[in-house]
Structures are given as C-alpha cells and as structure tokens.
Amino acid sequence: MASTSKKNKSSASVSVDDVDSEMRDLTVEDAADAEDEEAPEADEEMEGEGEEGDKTRAAADEIFSLEVLKVVKEAQQARGLRHGDYVRYRQYCARKIHRLRSCFSLAQGTKTRFHGKVLKADHIRDARCLQIPLFIAERAWSYGMQLKQEAGQAAHPRRKFHMLRRFAKASRAAQHLQRLCETLKVDARTKLETQAYVEWMQGVVSFNAESWREALESFSQAKAIYESIASTLDEETRQLYRQRIDETVPQIRFCGYNIGDESAVEDLIKMRLKPGSAELGEGLMAKLDELIAQSREKQAQTEISWLGKSVPVKNAKVRGLLISAQEGARQLDSLDTADAKLEVLENTQNVLREALQAVQDEQKAVSKEQPAAGAGQQLLHSYITFLKNHHSNQRALLTIQIMRGKVKLSAEKEAEERKKKHKAQDYIRLYDTMVENNNETVALTGVTGTALMESLNASTQLYKGFRALHIGDAFVSVKKFPEALTFYARAAEFADAAVKALSKAQATESLTELEALVISQKDAALAYSVLQKEEFSDLESEMIARHRKANNELEIALAKPVTFDLVLEAIKLPNLDDRLASKKAKAKPASGKAEAAPAKEKTGPAAAAAAAGGGISALKGWMGWGKKS
C-alpha cells in the first residue's frame, strides 16, 4: 500500500489505497474536485435517496437500465448549460456525485480522512449507481469547457494543457462506465448509449488536441450508433438523438476538411449560414469563420467592381465577410419557407455590419497615417453600406409578405402568425425603414448621377405611397375619415410619381397593387364618412359626380328593392262548401232538427272591402305598424 500524508491548517492527513494504475488517478482527482466543489445545499430531487442506502443488494440476475443521453441533456439544460454557464453545471455534478456516494454507502472516507474507493461491479445495487461515473465524466468535461471559454477570452499558456487533461479524464470516466455495463447485466439500449457516449467523449478529446483523423473516426462511430438508436424510438424521444447527431455533423465535416477533404468546405459554409447555426457553439463557429476566410482567400478578388469603379479590398477579414454574404445570398434560392429565408437575411445583414465596422476601423487608422489614401476606403465603405441597406430592404419586404399571408411558412411560424393581429403601424414602420435605407444609399459617395440613383428614387416614391396608404388606414381605424382621405390622395400622388420614374416592367406588380388599394380604400372611407353623417361639401360633390350621366342627369344607383309576398291574395281558391257541409252533417248527432242553411256568400262592395282588409291585415305586424297597443 502506498500512503501519502499532507497536513495543513484546514485538513487532516490523507491516505489512498493501492488501486489499479488507470483508475487511481481518476479516483484521486474525483475526490479533490469533490472537496473543492461540493456546496452545502442539496437539490430537492435527491431527498429520497438517503432511504435507499439501507436496502439490500439487488439480485444477481437483475437487469439495469440507464438512458445516458436523456439524463445528461436534462441535467445540462436545467443546471446552467442553457446559458453556457459551465461553472454552475460543474458544481452541480460535484454535488450529485457526493449525494449518490452517500446514498449507496460508497463515500470515500470521513470528514477528517480520505479513503479512495473505486466503484466496482460488486458495489452496484441500483441503476442509479451507474450515474456516478457518468457525472464524473460530465464534471470533468464541463471543467474543460470552462477552461476553453476562459482561454478564448484571454490567451494563457497553461490553460490549453489543463483543458486537455480535463477532457482526457472525462474520457477515462466514460470508459469506466462502459466497463461496468459490460460486466453487469444491462439492457441493449444502455450498452449502445454507453458506447456512443464513450466514442463521442473520445472524439471531443481528439478534436481539441487537433488529432483530426482519430476525432473523425470517434465522431463517426458515435453518429452511427445514435442513428441506430433513434430509428427504434418514437418521434418525441427521437428528437433528442437527432439533436446530438446534428451537433456531431459539423465536427465530422471540419475534421474531414483538416484531413484533406476539400469537398467539406461548401458543406461547412452552408452549416455556418443556415438557420440555427448559433447552436454549434462559439468555439466551432469561430473555427468555421476562420475556415471560410482561409478557403476563399485564393478565390477572393483583391478588388471588386461597383458602379463602373474598382473598389480595392485589402483587408483579409473584410474579404472573408463579403464572401460569406455572397454565400448567404446564394443560399436564399435553395430555401422553401419564408421564415428560413428571413433568418438567412438576418445572418447576412449581421455579417455585413461586421464588415462595415472593420472597414470603419481600418479607415480611421489609415486616415491618421495617410490622409490622401482614404478615397479607396470610402468607396469600399459605400459599397458595403449599399449591400447592407439592400438586404435590409429585402428583409422588410419579405416581412410584409409574411404579414399579408402571401408566402409559404413553416408549420410553427404559420401557427404563430395566425394568432397575431397586425396593425397599420407595423406596416408603416417597415416602409419607413426602407425609405431611410434608400435615402442613405442615395447620399453615398459615388451614387450621385447613376442609374442606381434613379432606380432608388423611383422605389422610394413607391414605398412612400404604401406608407401613406397605411397611414390612411390607421386614421380610418380611429374614424378620422377626412385625415384618411388626405393621405389616400397623397398615396395616389406618390403612385403617379413612381409610374413616371419606373419602367413598365418594374411597375407592373407593385404599382398596380398600390393603385388598386388606393381606389378601394378611398371609396370605403367616403362611404364611412357619409354613414357617419359628416358634412363635407367637397366629399358630397365628389360622390354625386360619380353618379352623373353624360347629359348631366343623375343616375339612379342600382339597389335591391323591398318586396312583399302578396301572391296569395291574387290566387282564386276553389269552393269547398259542399265538402264542409257533408263533414258537418256527419259530426251532428241524429236529433231530428233541421240543418241550418248555409251562409250566403258576400257579394258587392262589402266583399271587395273584406278582401282588401284581409291583405292589409296580413301586412300588419310584419311591417311593425297596425299592432294593438
């Protein structure tokens, strides 16, 4: 037995039993981490675990089960990783390990003395005991990710080596879990999940150590196992495994590129620009951005042509960002749903903002050193600003189409849009943005006097017309019809100005829509104003003018007449007195009395009055008059 003793003011001597060389480092490091990270509070989920410590061992033929990926993901989402807080998750794993060991009488010593205790198959009495090596691996992995984050913020010569040691320890703990599952009787799914977890953790170690071939093999094995497991599960549970597979695919393609697979570049660029790329993690996203810049460096031109002028692009970062923006523009054609296109446009716009900021920073530095060399940078600044405003207008127009329900959406987005009630102010805000973007682009250096300026001015008139139209709609919603009619007239003026500026091909769709909307909304506002009994002489004269004929005579407006169903009064019914007399004779008892003579039929003026009275009486009440009070 090898013993080690160390005394200080806060702890007593420590002794460690002689254990297997591979597991000794694992146990000692686990104990050290647990002593540093244990918190005094306990989670509510483990309140009942203390009672399990006194139970007898399970039968030898008991089959254990552990859903590794589900347990890990639930713990990560609930304990800090939803916000990237690896410190909180590491501390939770330490407390979890301590509670599990205490629950199943596997504590490593007392308050004053440490006794290392390696978890063996004989100690397993419950499936939850298998969570001890699992959370040891998670604790070491989260510590490595924490060091990786800190190394990204400020370079430190030792943090990378410390990070690799933590990842290696996590891999050893995962392998320990796999050996336990091979020794014990566990179900087939647990064995597969454990094997996939080991391969994935080994892939993390090799990926961060830049051993690309080993990382590719490990990630590929993990992906294949997760796909086989997912194929046997229901749709709800399968989503968890698809998420892990989606996380693994970019890492596999990145490893393939570093090995020499040039075809992986295009796939990585698409992964970087596709919706939801933020879920790849900051570290991988930074590597993908660097890869995009490096792979396109040879293809990128040192200058671009815009408005007949050559624009130099000397900054490598700006060249890479411009290439990313071009890739995003190409990707729009391959997307089916409008919400996916909207997200790509937002990502592209963010890339252009970053490029614009880089150009501004470089422009400040150049202007201080060489004041005469700032003309080329100013032209590049104008070009990137034009691209940014153009994509912003595309995004606004697509948003308007989504609000009007004219484009295809995904199921979730469509259900969300159905619940929304868009107001006129929402459209006004978007058209304001487009007008401001066009005005900013027209004021850029090099745009004045070009065909681009004419096109922007014409589209500005069109956007102003739609904006005036929706302002009128806003006034109609609050029953301010004179103001609404004023803005409708203004919208018609903008439409006429746009018709003069735009060509016939450009004006076909949007201008026709604007003119039709102006006419319909103006007529509706006129009708509403009359119904509200507003006294506007100009409005009344306009309404009368719409109904005049060529000979200046008023034309009667067509309307559905009010009709009465009086046809029954004009029908001559047959005489049925003989039948009525026979029925009365049968109904009377045989009393010997003479039957009464039939009533005489009324003739002359009295009969006519009675007939007229019958028709009038039929109308009484139905028209609301003639009722008895």
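Residues numbered from 1 in each chain as written. Predicted model: local features only at pLDDT ≥ 70, side-chain atom pairs only at ≥ 80, totals over all residues. Heavy atoms only, no water.

**Let's talk about the overall build of the protein**
Line of reasoning, step 1. Tallying secondary structure elements over the protein gives 23 helices and 2 strands in all.
Line of reasoning, step 2. Scored against the burial criterion, the 629 residues of the protein give a buried share of 38%.
Line of reasoning, step 3. The long-range fraction of contacts in the protein, counting pairs at least 24 apart against all pairs at least 6 apart in sequence, stands at 67%.
Line of reasoning, step 4. Element-wise, carbon and sulfur atoms account for 51% of the exposed surface of the protein, whose accessible area totals about 37600 Å². (Helix = DSSP H or I, 4+ residues; strand = E, 2+ residues; numbered from the N terminus. Buried < 20%, exposed > 50% of the residue type's maximum accessible area, 1.4 Å probe, protein only. Contact = heavy atoms within 4.5 Å. Areas by Shrake-Rupley, 256 points an atom, 1.4 Å probe, with all protein chains shown as cover.)

**A few points about the pattern of salt bridges**
Line of reasoning, step 1. In total, this model carries 20 salt bridges according to the counting rule given.
Line of reasoning, step 2. Salt-bridge contacts for Asp126 lead to Arg128; the nearest nitrogen and oxygen are separated by 3.4 Å.
Line of reasoning, step 3. Residue classification places Asp126 among the partly exposed positions, given a relative accessible area of 23%.
Line of reasoning, step 4. Arg128 gets classed as partly exposed once you look at its relative accessible area, which sits at 23%.
Line of reasoning, step 5. Residue Glu416 pairs with Lys420 through a salt bridge whose shortest N-O separation is 3.8 Å.
Line of reasoning, step 6. Look at the salt bridges and you will find they share partners, linking Glu67, Lys70, Arg189 and Glu193 into a network. (Salt bridge = Lys/Arg side-chain N within 4 Å of Asp/Glu carboxyl O.)

**Let's talk about the packing of aromatic side chains**
Line of reasoning, step 1. Applying the stated criterion across every chain, the model contains 14 aromatic pairs.
Line of reasoning, step 2. An angle of 70° between the planes, with centres 6.2 Å apart, marks the rings of Phe207 and Phe219 as edge-to-face. Of this pair, Phe207 sits in helix α6 (residues 188-208) while Phe219 sits in helix α7 (residues 212-230), and the two are 12 residues apart along the sequence. Each of the two residues, Phe207 as well as Phe219, counts as buried.
Line of reasoning, step 3. One aromatic cluster is present, formed by Phe207, Trp212, Phe219 and Phe254 through successive ring pairs.
Line of reasoning, step 4. The ring of Tyr143 carries the charged tip of Arg90 above its face, separated from the ring centre by 4.2 Å.
Line of reasoning, step 5. It is Arg244 that lies over the ring of Trp200; its NZ or CZ is 4.3 Å from the centre. (Phe/Tyr/Trp six-rings, centres within 6.5 Å; stacked < 30°, edge-to-face > 60°. Lys NZ or Arg CZ within 6 Å of the ring centre and 35° of its normal.)

**Remarks on the layout of surface pockets**
Line of reasoning, step 1. In this structure, the second largest pocket spans a volume of roughly 940 Å³.
Line of reasoning, step 2. Around the second largest pocket, the lining comprises 31 residues; the ones closest to its centre are Asn393, Leu397, Gln401, Tyr463 and Ser510.
Line of reasoning, step 3. At the level of elements, α12 (338-369), α13 (374-404), α15 (424-442), α16 (451-477) and α19 (509-531) are the ones that each hand at least two residues to the lining of the second largest pocket.
Line of reasoning, step 4. The element best represented in the lining of the second largest pocket is α13, accounting for 10 residues.
Line of reasoning, step 5. Of the residues contributing to the lining of the second largest pocket, the split by class is 13 nonpolar, 12 polar and 6 charged. (1 Å grid on protein atoms, 1.4 Å probe; cavity = no way out; pocket = protein on both sides within 12 Å on 5 of 7 lines; lining within 4 Å. Points joined across faces, edges and corners; volume = space filled by probe spheres on them. Nonpolar A, V, L, I, M, F, W, Y, C, P; charged D, E, K, R; others polar.)

**Focus: the side chain of Asp473**
Line of reasoning, step 1. Inspection of the secondary structure puts Asp473 in helix α16.
Line of reasoning, step 2. With no salt bridge to any partner, buried Asp473 finds its closest opposite charge in Arg404, at an N-O distance of 7.7 Å.
Line of reasoning, step 3. If we skip the residues at most four places from it in the chain, Asp473 touches Ala424, Tyr488 and Gln521. (Lys, Arg positive; Asp, Glu negative; His and termini not counted.)

**As for the environment of Phe135**
Line of reasoning, step 1. Mapped onto the secondary structure, Phe135 falls in helix α4 (residues 131-153).
Line of reasoning, step 2. Assessed through its relative accessible area of 2%, Phe135 is described here as buried.

**Here's the deal with the packing of α16 against helix α17 (residues 481-501)**
Line of reasoning, step 1. Two elements in contact, α16 and α17, have axes whose closest approach is 8 Å; the angle formed by their N-to-C orientations is 165°. For the element pair α16 / α17, the angle class is roughly antiparallel. Where α16 crosses over α17, the handedness of that crossing is left-handed. Taken together, the residues of α17 that come into contact with α16 (itself represented by Ala458, Gln461, Leu462, Lys464, Gly465, Ala468, Leu469, Ile471, Gly472, Asp473, Phe475 and Val476) are Phe481, Glu483, Ala484, Phe487, Tyr488, Arg490, Ala491, Phe494, Ala497, Ala498 and Ala501.
Line of reasoning, step 2. Among the residues forming the contact of α16 with α17, the class breakdown is 16 nonpolar, 3 polar and 4 charged. (Axes fitted to C-alpha atoms, helices over the stretch in contact; angles between N-to-C directions. Parallel < 35°, antiparallel > 145°, perpendicular 65-115°, else oblique. Left-handed = near helix turned anticlockwise from the far one by under 90°.)

**A closer look at the nonpolar core**
Line of reasoning, step 1. Formed by 63 residues in total, the largest nonpolar core has its most connected members in Tyr89, Leu130, Leu134, Trp141, Tyr197 and Tyr226.
Line of reasoning, step 2. Elements supplying a minimum of two residues to this core: α2 (68-78), α3 (86-103), α4, α5 (159-183), α6, α7 and α8 (235-259).
Line of reasoning, step 3. Sorting elements by how many residues they give to this core places α4 first, with 10 residues.
Line of reasoning, step 4. For Tyr197, the residues in contact, after removing those within four places along its chain, are Val68, Val72, Leu134, Ala137, Glu138, Ala174 and Tyr226. (Core = buried A, V, L, I, M, F, W, Y, C linked by side-chain atoms within 4.5 Å.)

**Here we look at the side chain of Asn208**
Line of reasoning, step 1. One can find Asn208 in helix α6.
Line of reasoning, step 2. Looking at Asn208, its side chain comes within polar contact range of the side chain of Lys148, at 3.0 Å. (Polar contact = N/O pair within 3.5 Å; in protein donor to acceptor, adjacent residues only side chain to side chain.)

**With respect to the packing of α2 against α3**
Line of reasoning, step 1. In the contact formed by α2 and α3, the axes pass within 9 Å of each other and the chain directions differ by 125°. Taken together, the axis directions place α2 and α3 in an arrangement best described as oblique. Judged by the twist between their axes, the crossing of α2 over α3 is right-handed. Across the interface between the two elements, Val72, Ala75, Gln76 and Ala78 from α2 touch Arg88, Tyr89 and Tyr92 from α3.
Line of reasoning, step 2. Per-class residue counts for the contact of α2 with α3 are 5 nonpolar, 1 polar and 1 charged.

**A few points about the environment of Asp432**
Line of reasoning, step 1. Here Asp432 is to be found in helix α15.
Line of reasoning, step 2. The class of Asp432 is partly exposed, set by a relative accessible area of 25%.
Line of reasoning, step 3. Sequence separation between Asp432 and Phe466 is 34 residues, and the spatial gap between their C-alpha atoms is 9.9 Å.

**What to know about unusual backbone geometry**
Line of reasoning, step 1. Positive phi values are uncommon outside glycine, yet Ser105 reaches one of about 55°.
Line of reasoning, step 2. Residues other than glycine seldom take positive phi values, yet Glu210 does so here, at roughly 60°.

**Let's talk about the confidence of the model for the protein**
Line of reasoning, step 1. Residues at a pLDDT of 70 or more form 68% of the protein, whose mean pLDDT is 74.
Line of reasoning, step 2. Below pLDDT 50 for its whole length, residues 547-554 participates in 7 contacts with residues either more than four positions away or in separate chains.
Line of reasoning, step 3. Here residues 622-629 is modelled with pLDDT under 50, and outside its nearest four sequence neighbours on either side it reaches 7 contacts, counting other chains as well. (pLDDT = per-residue confidence, 0-100.)

**Some details on α7**
Within an α-helix, residues lying three or four positions from one another point in the same direction, as the helix has 3.6 residues per turn.
Line of reasoning, step 1. Between its first and last C-alpha, α7 extends 26 Å over 19 residues, near the 27 Å set by a 1.5 Å rise per residue.
Line of reasoning, step 2. Tucked inside the fold, the buried residues of α7 contact α2, α6 and α8. (Expected span 1.5 Å × (residues − 1).)

**As for the state of the cysteines**
Line of reasoning, step 1. Considering all chains together, one arrives at 0 disulfides under this definition.
Line of reasoning, step 2. Lacking any disulfide linkage, Cys103 is separated from the closest cysteine sulfur, that of Cys129, by 7.4 Å.
Line of reasoning, step 3. Here Cys129 falls in the buried class, since its relative accessible area comes to 0%. (Disulfide = S-S within 2.5 Å.)

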